[in-house]
Amino acid sequence: MLITNLLHFTENHRFCVYRDFALSGLDYRMLSAIYQPMIGAFAIGVFQTLYHQVDGDRTGYSELEQQRKLFLALELEPGERGRRMLAEQTSRLEAVGLLQTNRKYSPAADDYMYEYVLVQPLSPQEFFKNQHLVMLLHDKVGKYAVLALREQFYAPAPQEWKDPSLQSEDLSMPFYELFRLDARSIDYELEQALQETAPTRETERKIDVTTRAFHYSEIIQRFPHATSRNRPFVENLRNKPDQMFEINKIARKFNLSLRETCRLLDEDGMFSEDGELMTDMLQYKASLYYRQDKEREQERERLFYKIAGLTKAGSHTADAPEEKPVEMQYYLEVPPMFAGQCNQHQYNLIMRNEPYTKVLERFFPKGAVPKPVADIFEKIDVNYGMPDEVINVLIHHLHVYKESSWTKSYIDTVASNMLAKGVSTYEQAVAYIREQTKKRSKLQEKGERALTPLSGKSRGGRQQKPKIAIIADNPAQKPVSKEKLAEIRKLAREIDGNPT
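Rules used throughout
- Residues numbered from 1 in each chain as written.
- Predicted model: local features only at pLDDT ≥ 70, side-chain atom pairs only at ≥ 80, totals over all residues.
- Heavy atoms only, no water.
- Helix = DSSP H or I, 4+ residues; strand = E, 2+ residues; numbered from the N terminus.
- Buried < 20%, exposed > 50% of the residue type's maximum accessible area, 1.4 Å probe, protein only.
- Contact = heavy atoms within 4.5 Å.
- Areas by Shrake-Rupley, 256 points an atom, 1.4 Å probe, with all protein chains shown as cover.
- Arc of directions from axis to C-beta.
- Salt bridge = Lys/Arg side-chain N within 4 Å of Asp/Glu carboxyl O.
- Phe/Tyr/Trp six-rings, centres within 6.5 Å; stacked < 30°, edge-to-face > 60°.
- Lys NZ or Arg CZ within 6 Å of the ring centre and 35° of its normal.
- Core = buried A, V, L, I, M, F, W, Y, C linked by side-chain atoms within 4.5 Å.
- Axes fitted to C-alpha atoms, helices over the stretch in contact; angles between N-to-C directions.
- Parallel < 35°, antiparallel > 145°, perpendicular 65-115°, else oblique.
- Left-handed = near helix turned anticlockwise from the far one by under 90°.
- Nonpolar A, V, L, I, M, F, W, Y, C, P; charged D, E, K, R; others polar.
- Patch = residues over 30% accessible without salt bridge, like charges linked within 9 Å, V, L, I, M, F, W, Y side chains within 5 Å.
- pLDDT = per-residue confidence, 0-100.
- Lys, Arg positive; Asp, Glu negative; His and termini not counted.
- Charge placed at Lys NZ, Arg CZ, Asp CG, Glu CD.

Before going further, it helps to spend a moment on the overall build of the protein. Each helix and strand in the protein was counted, giving 22 helices and five strands. Of all 500 residues assigned to the protein, the portion counted as buried reaches 33%. Intrachain contacts of the protein at a sequence separation of at least 6 include 65% that bridge at least 24 residues. In the form shown here, the protein has an accessible surface area of approximately 34,400 Å², with 52% of it arising from carbon and sulfur atoms.

What follows concerns helix α6 (residues 131-141). The α-helix advances 3.6 residues per turn, and as a result positions three or four apart in sequence lie on the same side. Those residues of α6 lying buried are Leu133, Val134 and Leu137. The buried residues of α6 occupy an angular sector of 100° when projected down its axis, which confines them to one face. Residues Gln131, His132 and Asp139 are exposed on α6 and point more than 90 degrees away from its buried face. Residues of α6 that are buried make contact with α1 (25-39), α5 (124-127) and α7 (143-152). Two residues or fewer after α6 comes Gly142, characterised by a positive phi angle close to 100°.

Turning next to unusual backbone geometry. Phi at Glu75 takes a positive value of approximately 55°, unusual for a residue other than glycine. Topologically, Glu75 is positioned in the loop between α3 (68-73) and α4 (80-95). Under the relative-accessibility criterion, Glu75 is labelled exposed at 74%.

The final tally for this structure, using the stated rule, is 14 salt bridges. For Glu65, the salt bridge goes to Lys69, with nearest N and O atoms at 3.1 Å. Judged by relative accessible area, Glu65 falls into the partly exposed class, the value being 30%. On the basis of relative accessibility, which here comes to 37%, the residue Lys69 falls in the partly exposed class. Its salt-bridge partner being Glu354, residue Arg362 comes within 2.8 Å of it at the nearest N-O pair.

Attention shifts here to the packing of aromatic side chains. For the coordinates displayed, the defined rule picks out eleven aromatic pairs. Aromatic ring contacts, followed pair by pair, group Tyr35, Phe127 and Phe128 into a single cluster. Its end group placed over the ring of Tyr51, Arg19 keeps NZ or CZ at 4.1 Å from the ring centre. For Arg103, the ring lying beneath its charged end belongs to Tyr112, and the centroid distance is 4.2 Å.

This brings us to the nonpolar core. The biggest cluster of nonpolar side chains holds 40 residues, and the ones touching the most others in it are Ile34, Tyr35, Tyr116 and Phe127. Those elements giving two or more residues to this core turn out to be β1 (14-19), α1, α2 (41-51), α3, α4, β5 (111-118), α6 and α7. Among the elements that make up this core, the one with the highest residue count is α1 (seven residues). Non-local contacts of Ile34, meaning those with residues more than four positions away in its chain, are made with Arg29, Phe127, Phe128, Leu137, Leu149 and Phe153.

Let's shift gears to the packing of helix α18 (residues 371-382) against helix α19 (residues 388-401). Each pair of packed helices gets described by two things: the angle between the helix axes and the distance between those axes. Close contact between α18 and α19 brings their axes to 10 Å; oriented N to C, the two are set at 150°. In terms of orientation, α18 and α19 fall into the roughly antiparallel class. Note that α18 runs across α19; the crossing there is right-handed. Counting all contacts with α18, which are made through Phe377, Ile380 and Asp381, the residues of α19 involved are Asp388, Ile391, Leu394, Ile395 and Leu398. In the contact of α18 with α19, the residues fall into six nonpolar, no polar and two charged.

This brings us to a nonpolar patch on the surface. On the surface, Met173, Phe175, Tyr176, Leu178 and Phe179 cluster together to form a nonpolar patch covering roughly 590 Å² of accessible area. On the secondary structure map, Phe175 appears in helix α8 (residues 175-178). Judged by its relative accessible area of 45%, Phe175 is partly exposed.

What follows is about the confidence of the model for the protein. Summary statistics for the protein give a mean pLDDT of 80 and a share of 79% for residues scoring 70 or more. The least confident element of the protein is helix α10 (residues 200-204), whose mean pLDDT is 48; the most confident is α2, at 95. Note on residues 202-211: pLDDT under 50 across the span, and 15 contacts to partners over four residues away in sequence or across chains. Confidence drops under pLDDT 50 across residues 310-318; counting only partners more than four residues distant or on other chains, this segment forms ten contacts.

On the surface, Arg434, Lys438, Lys442 and Lys446 cluster together to form a positively charged patch. When you line up the elements, Lys446 lands in helix α21 (residues 426-451). The class for Lys446 is exposed, based on a relative accessible area of 56%.

Bringing the environment of Leu7 into the picture now. Here Leu7 shows up in the segment before β1. In the structure, Leu7 is positioned 73 residues away from Glu80 in sequence and 8.6 Å away in space, judged by C-alpha atoms. Apart from residues no more than four positions distant in its own chain, Leu7 is found in contact with His13 and Arg83.

As for its position among the elements, Leu258 is in helix α14 (residues 258-265). For Leu258 and Asn248, which are ten residues apart along the polypeptide, the C-alpha to C-alpha distance reads 9.9 Å. Apart from residues lying up to four places away in sequence, Leu258 is in contact with Phe214, Glu218, Ile219 and Arg222.

Set out below in structure tokens:
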């Protein structure tokens, strides 16, 4: 809880609690076994005290009462020491995601009120996917205790369920297979009544009904206070809904988390000297975050692909699928480097049925594929999900038509274009490559015609370029006589004013 003045947080201030869940047996076990070692028993006691302010069989808001009730329930002495203790424990709950505290100002009473919003504990699956929470638990109890706790929350599957030969079939009954709703009888009064009696909290916290938006209170609570130069500008966002809308639009566009949004707003250049949000700069930095996250996600996916042993190059021949034939109209020409090794039929069967890793090795001496080339094709296979037979046609195209363009950027461009065109089979890939080759040939022919020098008249009947006379450096046919040369010299002296 970010409280700078304890006089604004006393036992005399009023509070209410909001929750939209009920604790289950698993939730109680998560609180005692996982959350309590991280934040302490007293903080868990504060959570449960706040939880029971709302009846156990209901959700929503508690009554508006003085915080003196909390102080007495928690045996906190009224005064500065008790206030600091309560603020510290609520801060622990907020840091691990179990609580959100909002402060509301009442102009009528000229005082503050506090809203404690409880959040349901994470399930074991969600908790152990959260890296910073797992690291905190590791720091508190150690590595082996974390592993032991994780095992305690999972019931193992029966031994028979681990048989890889088992075949699963979904027998679940869909809703509309069993029930038929009368669409003709729509009760508009019921719909209106449900909308009017809906919890007010759901409507007042939304900026855009199509997405979960970040609100000013969420941003300011997680924003650095003393160390940030942008803190005053961020505080002004509470009076600028248009800028909050832009922030949420950019955050949704680039899939930013609340933590990443706060970090971007804290960077230099995000606000002008007048405190206006620099939308272009925020969008530029957000796009960098997005690309970096995508690259890291793809790297993790490829690493998992390798660790799990799912590479197609390592598949056993016994498990290999049935060989697919190739129609003659989609035959690719055999490159000169494979002349004498296989005929056209064999070459196309290889391109249609072999994994791309094996085909790629055939096109490089001794199978030594450069790492940048191997990396980009691994990205196309794992992250893009392009079939092997399509990748093999791409490799053929690169070797035959683009021998000098085995660059990551060019390969990625061609692969992206093929995916955008919906190329997913061997036949479609061959047709796409042939079409692109024809287009490239036509462009080259046009370029060669444009560079050919024109002579005579053009197709329109007009002379394209005027003929310009060229001065030839040839000697005169008759030499100048001595008498003529003397007259020229005399005339020159007269012009210079020297008749002698």
